[in-house]
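Here's the letter readout for the chains.
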Amino acid sequence: MKRALGLLVAALALCSGCGLTLTDVPMPKLVSGPTYALRLEFDDALNLPVDAPVKLEGATVGQVTSVTADGYRADVEVAVSTAVHLRSTSTAEIRLTAPMGTSFVELSQGRTGGYLPAGGTIALAATGEAPDVSDLLSALSTVVTGGSFGDISTIIKQLNVALTGHTGTVRALLSRLDTAVTGLNRQLPTLDRLTGSLDRLTRRLRGDLPTITASLTDLSRLVSTLSRQRVRMIGALGALRRFELQATPFTEATRADIVGQLGSLRTVLHTLLGSSTDINGVMAGLAAFAKGSDRAAPGDFANFDLTLLLDPSALAAYENGTGGLR
């Protein structure tokens, strides 16, 4: 007896030294035997606790092992007894044991499709949540206080007040709006083409972005250079303006004389062009004479006289086509 009492005291002392509490005691499994894991996706887990039961046709066939959030979706991992075979078309719903009770997962067996393997997933489209107490209270508040229906009634009353005496204007506005929407609808193909062209232009500009960046950099340096030379450019433009003020009166005053001189020069040029054959012969003779003089008088120099007579009246005769070279 003393020995048993001593063992009990030692066990209690050991437990107290380890600091064990009821939370350290593992929860018993809701199903016996082997299980396999499934993944369920829900929009809202409804405060679903870990170790919550998983039921099929009212019978507990598993339990929840983890609940995690993935973005705006709840991922629920459950362990289901291997004696249960769920089809790929099965559905899942989170329900409450009572209006103020705890949540659990209710499975519904699918009628078609293959069986879900271990680690399979029942996707978001095949899951749902039963109404909870908050939904019930919201519906009750709608019935008692009018909820959003009261707001709609107020809006309708205010619209009636606003439309009183302005029906014609509102109808004209609606007619114009209908015309605008109809015209916009007819232009949708053009807008689509414009959007497509803009998209292609954007892609091309994105491909040419390095070249555009380099060009803008060079342009920035050019603008900086022009900015530094601005004072000189303004001075040059001022000098050009002063030159224009002096040159314009001079040009206007000498225009008639310049035109007359050009007319006279035209006669001379026509005469020279008409005598080009004779002039070419004379020049060729002069060149031959120069070569012959080198052979006739070898040395440093030679003296000779050459007289060329040009008769102005003969030039005038050339213009009439009756003259000859003298």
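In what follows, the structure referred to is the one given above.
Residues numbered from 1 in each chain as written. Predicted model: local features only at pLDDT ≥ 70, side-chain atom pairs only at ≥ 80, totals over all residues. Heavy atoms only, no water.

*Asks:* When you look at the overall build of the chain in this model, what are you seeing that I'm missing?
*Replies:* Helix and strand counts for the chain come out as nine helices and eight strands. In the chain, which comprises 326 residues, the proportion classed as buried is 14%. Nonlocal contacts in the chain, meaning residues at least 24 apart in sequence, comprise 63% of its contacts between residues at least 6 apart. For the chain, the accessible area works out to roughly 25200 Å², and carbon and sulfur atoms hold 63% of it. (Helix = DSSP H or I, 4+ residues; strand = E, 2+ residues; numbered from the N terminus. Buried < 20%, exposed > 50% of the residue type's maximum accessible area, 1.4 Å probe, protein only. Contact = heavy atoms within 4.5 Å. Areas by Shrake-Rupley, 256 points an atom, 1.4 Å probe, with all protein chains shown as cover.)

*Asks:* Looking at this model, I keep getting lost on the pairing of strand 3 (residues 59-70). Mind explaining?
*Replies:* Successive side chains on a regular strand alternate, one facing one side of the sheet and the next facing the other. With four bridges joining them, strand 2 (residues 53-56) and strand 3 adopt antiparallel strand pairing. Paired with Pro53 across the bridge in strand 3 is Gln63. Remark: two residues form the turn of the hairpin made by strand 2 and strand 3, two consecutive strands paired antiparallel; Glu57 in that turn has positive phi of roughly 55°. With eight bridges connecting them, strand 3 and strand 4 (residues 73-81) associate as antiparallel partners. From the neighbouring strand, Gln63 faces strand 4, where its bridge partner is Ala79. Between strand 3 and strand 4, which pair antiparallel in sequence order, lie two residues; one of them, Gly71, sits at a positive phi of approximately 70°. (Pairing = 2+ DSSP bridges.)

*Asks:* When you look at the nonpolar core in this model, what are you seeing that I'm missing?
*Replies:* Most often, soluble globular proteins have nonpolar side chains that are buried together. Within the largest apolar cluster, 24 residues are counted, with the highest numbers of intra-cluster contacts made by Leu40, Leu48, Val64, Val78, Leu86, Val105 and Leu107. At the level of elements, strand 1 (35-42), strand 2, strand 3, strand 4, strand 5 (91-96) and strand 6 (103-108) are the ones that each hand at least two residues to this core. Those residues in contact with Leu48 that lie beyond four places of it in its chain are Val64, Val67, Val76, Ile94, Ser103, Phe104 and Val105. (Core = buried A, V, L, I, M, F, W, Y, C linked by side-chain atoms within 4.5 Å.)

*Asks:* Could you clarify how one ought to interpret the packing of aromatic side chains in this entry?
*Replies:* Two measures describe an aromatic ring pair: the distance that separates the ring centres and the angle between the ring planes. Enumeration over the complete set of coordinates arrives at zero aromatic pairs. Seen from the ring of Phe104, Lys55 lies directly overhead, with NZ or CZ sitting 4.7 Å from the centre. (Phe/Tyr/Trp six-rings, centres within 6.5 Å; stacked < 30°, edge-to-face > 60°. Lys NZ or Arg CZ within 6 Å of the ring centre and 35° of its normal.)

*Asks:* Would you take a moment to explain the sheet that holds strand 8 (residues 127-129) for this structure?
*Replies:* Strand pairing in a sheet takes place through backbone hydrogen bonds and is either antiparallel or parallel in direction. Taking strand neighbours across the sheet as the criterion, the eight strands line up as 7-1-4-3-2-6-5-8 in an open arrangement whose pairing is mixed. Single-partner strands in this sheet number two, and they are strand 7 (121-122) and strand 8. Here three bridges tie strand 2 to strand 6, and the two strands are oriented parallel to one another. Paired with Lys55 across the strands is Glu106, a residue of strand 6.

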